[in-house]
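A look at the structure
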Amino acid sequence: DLIKGRAAEVMQKHGVYQSSCAPYDPKGNGKRERSWQTQANDTTKALHAAKLPDAFWWYAWRDAERKSYCIPRKYADGTWSVPWLKATGRRPNALVEVPLGCLGYVKLYDPSSKTAAKGVRCICLGRCDTQPAWMIWDPKACRMRISPHVHFVPGYCPGLKHPQGGEEEIVPYFASVGTKAIP
């Protein structure tokens, strides 16, 4: 038995069957392993398309998972639905999603003067889980910003890279010399 004591009693009382599979044998847990493989593939493709370094894998994973909730699935009872609807009771709105890594301009509320720029170029890292806002990476400040006030350029993913020489820092392609102008 893998589970003992009070937990085993509760599981037995409710008719929960416990099983295990051999370690490092994906055939024993095929359905879940296939799900992980799909998620890993989606994450890798999202990072590549967004031109983001591997350090941002968690945000790509979260974004791919969130977007997968909008894809219809056939459930064991034979019905088709989307996980978001089953979990929340609300239909998902795919129109509010933007590509991971796309350029966004976040509104700042504390500019240095009235003539200062009130928007900062950032990279979209997906929706925030704790509030109705976006998580965006500000490469100049080297910090995460969370705001509902973002204007995105969905067709443009400038990416991030390490500059040649000097201190190691992450800068957007649009801030480096000799690259394509931003829209």
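Residues numbered from 1 in each chain as written. Predicted model: local features only at pLDDT ≥ 70, side-chain atom pairs only at ≥ 80, totals over all residues. Heavy atoms only, no water.

1. Thoughts on helix α2 (residues 30-50)
Between its first and last C-alpha atoms α2 spans 30 Å; for 21 residues at 1.5 Å apiece the expected length is 30 Å, and the two agree. Every buried residue of α2 is listed here: Q39, T43, A46, L47 and A50. Buried residues along α2 cover an arc of 100° about the axis, so they all sit on one side. Opposite the packed face of α2, turned more than 90 degrees from it, sit the exposed residues T44, K45 and H48. Among the structural elements, α3 (57-68) are those in contact with the buried residues of α2. Directly after α2, the chain includes K51, whose backbone phi takes a positive value near 60°. (Helix = DSSP H or I, 4+ residues; strand = E, 2+ residues; numbered from the N terminus. Expected span 1.5 Å × (residues − 1). Buried < 20%, exposed > 50% of the residue type's maximum accessible area, 1.4 Å probe, protein only. Arc of directions from axis to C-beta. Contact = heavy atoms within 4.5 Å.)

2. A few points about the confidence of the model for the chain
In the predicted model, the chain carries a mean pLDDT of 81, and the fraction of residues at 70 or more is 84%. By mean pLDDT, strand β9 (residues 171-172) is the weakest element of the chain at 51, and strand β5 (residues 134-138) is the strongest at 93. Contacts for the low-pLDDT stretch residues 166-170, under 50 throughout, to residues beyond four places or in other chains number nine contacts. Overall, residues 175-183 carries pLDDT values under 50, and its contacts beyond four positions in sequence, including any with other chains, amount to 14 contacts. (pLDDT = per-residue confidence, 0-100.)

3. Examining the sheet that holds strand β4 (residues 119-127)
As summarised here, the arrangement of the five strands in space is β6-β5-β4-β3-β7, forming an open sheet in which the pairing is antiparallel. Of all the strands in the sheet, the pair left with one neighbour each is β6 (143-147) and β7 (150-153). Strand-to-strand twist across the sheet, computed as the mean angle between neighbouring axes with direction ignored, equals 40°. Along the sheet, α3 contacts β4, β5 and β6; its crossing angle with β4, the most-contacted strand, is approximately 60°. (Pairing = 2+ DSSP bridges. Axes fitted to C-alpha atoms, helices over the stretch in contact; angles between N-to-C directions.)

4. Topic: the packing of α2 against α3
Relative placement of two packed helices is described by the angle separating their axes and the distance separating the axes. At a minimum axis separation of 8 Å, α2 and α3 run at an interaxial angle of 120°. Remark: the crossing between α2 and α3 carries right-handed chirality. Contacts from W36, Q39, A40, D42, T43, A46 and L47 in α2 reach W57, A60, W61, A64 and E65 in α3. Partitioned by chemical class, the residues of the contact of α2 with α3 number eight nonpolar, two polar and two charged. (Left-handed = near helix turned anticlockwise from the far one by under 90°. Nonpolar A, V, L, I, M, F, W, Y, C, P; charged D, E, K, R; others polar.)

5. Digging into the nonpolar core
Most often, soluble globular proteins have nonpolar side chains that are buried together. In terms of nonpolar packing, the biggest core is built from 14 residues, with L52, F56, L100, L125, W137 and L160 touching the most fellow members. Mapped onto this core, the elements with two or more residues apiece are α2, β4 and β5. Ranked by the residues each element gives to this core, the list is headed by α2, at three residues. Apart from residues lying up to four places away in sequence, L100 is in contact with A46, A50, L52, Y59, A60, D63, K67, C124, L125 and C157. (Core = buried A, V, L, I, M, F, W, Y, C linked by side-chain atoms within 4.5 Å.)

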